Amino acid sequence: MTREEVYERLNIVFRDVFDDNTITLSDETTADDIEDWDSFEHINLVVAVQDEFSFKIPMGKVVSMKNVGEMVDIILELGK
């Protein structure tokens, strides 16, 4: 799986979770950039990402993610 493929899938997940078809992610995207991305929605987002990619993200990695780029790095690492 390439970084671009991960972004294609993540854009769909984010748009669905936040009900916003205008979301376009980048490595630097953070919760501050997306309306309604709070701690509750973060949990929903992580669950949706895990469902999309069919693996669990360890809690330590979930709480340490600072931006979408780090999320993509984790997905690429776990998806090997």
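Quick note: structure is the one above.
Here's a quick rundown of the structure.

Rules used throughout
- Residues numbered from 1 in each chain as written.
- Predicted model: local features only at pLDDT ≥ 70, side-chain atom pairs only at ≥ 80, totals over all residues.
- Heavy atoms only, no water.
- Helix = DSSP H or I, 4+ residues; strand = E, 2+ residues; numbered from the N terminus.
- Buried < 20%, exposed > 50% of the residue type's maximum accessible area, 1.4 Å probe, protein only.
- Contact = heavy atoms within 4.5 Å.
- Lys, Arg positive; Asp, Glu negative; His and termini not counted.
- Charge placed at Lys NZ, Arg CZ, Asp CG, Glu CD.
- Axes fitted to C-alpha atoms, helices over the stretch in contact; angles between N-to-C directions.
- Left-handed = near helix turned anticlockwise from the far one by under 90°.
- Nonpolar A, V, L, I, M, F, W, Y, C, P; charged D, E, K, R; others polar.
- Phe/Tyr/Trp six-rings, centres within 6.5 Å; stacked < 30°, edge-to-face > 60°.
- Polar contact = N/O pair within 3.5 Å; in protein donor to acceptor, adjacent residues only side chain to side chain.
- Expected span 1.5 Å × (residues − 1).

### Some words on the overall build of the chain
Inference 1: When helices and strands are tallied, the chain shows four helices and zero strands.
Inference 2: Taken from the N to the C terminus, the helices and strands of the chain come in the order α-α-α-α.
Inference 3: Along the three orthogonal principal directions, the C-alpha set of the chain runs to about 30 × 25 × 20 Å.
Inference 4: Buried positions account for 38% of the 80 residues belonging to the chain.
Inference 5: Across the chain, the fraction of contacts at a sequence separation of at least 24, relative to all contacts at a separation of at least 6, is 54%.
Inference 6: Within the chain, one finds 7 positive and 19 negative side-chain charges whose respective centroids are separated by 10 Å.

### Looking at the packing of helix α1 (residues 3-17) against helix α4 (residues 68-78)
Inference 1: Contact pair α1 / α4: the axes reach a minimum separation of 10 Å and the direction vectors enclose 120 degrees. Taken as a pair, α1 and α4 cross one another with a handedness that is right-handed. Contacts between α1 and α4 involve Arg3, Val6, Tyr7, Leu10 and Phe14 on the former and, on the latter, Val68, Gly69, Met71, Val72, Asp73, Ile75 and Leu76.
Inference 2: Partitioning the contact of α1 with α4 into residue classes produces nine nonpolar, one polar and two charged.

### Overview of the packing of aromatic side chains
Inference 1: In total, this model carries four aromatic pairs according to the counting rule given.
Inference 2: With a centroid separation of 5.4 Å and 80 degrees between ring planes, the pair formed by Phe14 and Trp37 is classed as edge-to-face. Residue Phe14 is found in helix α1, and its partner Trp37 is found in the loop between α1 and α2 (39-53); the two are separated by 23 residues along the sequence. Each member of the pair, Phe14 as well as Trp37, is classed as buried.
Inference 3: Here the aromatic rings of Phe18 and Trp37 are separated by 5.8 Å at their centres, their planes lie at 45 degrees, and the arrangement is tilted.

### As for the side chain of Asn11
Inference 1: Mapped onto the secondary structure, Asn11 falls in helix α1.
Inference 2: With relative accessibility at 12%, the residue Asn11 sits in the buried group.
Inference 3: Looking at Asn11, its side chain comes within polar contact range of the main-chain nitrogen of Leu25, at 2.9 Å.
Inference 4: Each residue touching Asn11, except ones within four places of it in the same chain, is listed here: Ile23, Thr24 and Leu25.

### Some remarks on α1
A turn of α-helix holds 3.6 residues, and therefore any two residues three or four places apart point the same way.
Inference 1: The end-to-end C-alpha distance of α1, which contains 15 residues, comes to 21 Å, matching closely the 21 Å that a straight helix rising 1.5 Å per residue would cover.
Inference 2: Buried within α1 we find Val6, Tyr7, Leu10, Asn11, Val13, Phe14 and Val17.
Inference 3: On its buried side, α1 packs onto α2 and α4.
Inference 4: Asp19 occupies a position one or two residues after α1 and carries a positive phi of about 50 degrees.

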